[in-house]
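# Chains, contacts and geometry: an overview
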Amino acid sequence: MKVSIITLTNNSEKNINRCLQSIHSQSYSDIEHIIIDNNSSDLTVKIINNFKTKKIKLISEKDEGIYDGWNKGFSMATGDI
């Protein structure tokens, strides 16, 4: 059973590494991680790209608010839950 995790970010350089490490350290392996970044102006995207694996999908673009970000993530999700 595939699990989709959707993370919304906006200038999250102080916390994103801890989030990525936490998801990466899970013992369950069938996980996709979708990150929707609201065009961050700090190092968030660089940190994600340095950590990037094929299980991470990143979209970094201006959105119309949190619900727009969630909808982008949900439309990309391929997991069962």
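See the structure shown above.
Everything numeric here is computed off the predicted structure, so don't read it as measured data. (Residues numbered from 1 in each chain as written. Predicted model: local features only at pLDDT ≥ 70, side-chain atom pairs only at ≥ 80, totals over all residues. Heavy atoms only, no water.)

Moving on, we get to helix 3 (residues 66-76). Inspection of helix 3 places Gly69, Lys72 and Gly73 among the buried residues, and these make up the whole buried set. One side of helix 3 holds all its buried residues, which, seen down the axis, span an arc of 95°. More than 90 degrees from the buried face of helix 3, the exposed residues found are Tyr67, Asn71, Phe74 and Ser75. If you follow the buried residues of helix 3, they end up packed against strand 1 (3-9) and strand 2 (31-37). (Buried < 20%, exposed > 50% of the residue type's maximum accessible area, 1.4 Å probe, protein only. Helix = DSSP H or I, 4+ residues; strand = E, 2+ residues; numbered from the N terminus. Arc of directions from axis to C-beta. Contact = heavy atoms within 4.5 Å.)

Approximately 180 Å³ is the volume attributed to the largest pocket. Leu20, Ile23, His24, Gln26, Tyr28, Ser29, Ile31, His33, Phe51, Thr53, Lys55 and Ile56 together form the lining of the largest pocket. Mapped onto the lining of the largest pocket, the elements with two or more residues apiece are helix 1 (16-24) and strand 2. Of all the elements, helix 1 adds the most residues to the lining of the largest pocket, at 3 residues. Here the residues of the lining of the largest pocket are counted per class, giving 6 nonpolar, 5 polar and 1 charged. (1 Å grid on protein atoms, 1.4 Å probe; cavity = no way out; pocket = protein on both sides within 12 Å on 5 of 7 lines; lining within 4 Å. Points joined across faces, edges and corners; volume = space filled by probe spheres on them. Nonpolar A, V, L, I, M, F, W, Y, C, P; charged D, E, K, R; others polar.)

Quick look at the packing of helix 1 against helix 2 (residues 44-51) now. Pairs of packed helices are described in terms of their axes, by the angle between the two and the distance that separates them. Where helix 1 meets helix 2, the axes come as close as 10 Å, and the angle between the chain directions of the two elements is 25°. As the angle between them shows, helix 1 and helix 2 are arranged roughly parallel. Our pair here, helix 1 against helix 2, has a crossing hand that is right-handed. Judged by residue contacts, Ile16, Asn17, Leu20, Gln21 and His24 of helix 1 engage Thr44, Ile47, Ile48 and Phe51 from helix 2. Within the contact of helix 1 with helix 2, the residues separate by chemical class into 5 nonpolar, 4 polar and no charged. (Axes fitted to C-alpha atoms, helices over the stretch in contact; angles between N-to-C directions. Parallel < 35°, antiparallel > 145°, perpendicular 65-115°, else oblique. Left-handed = near helix turned anticlockwise from the far one by under 90°.)

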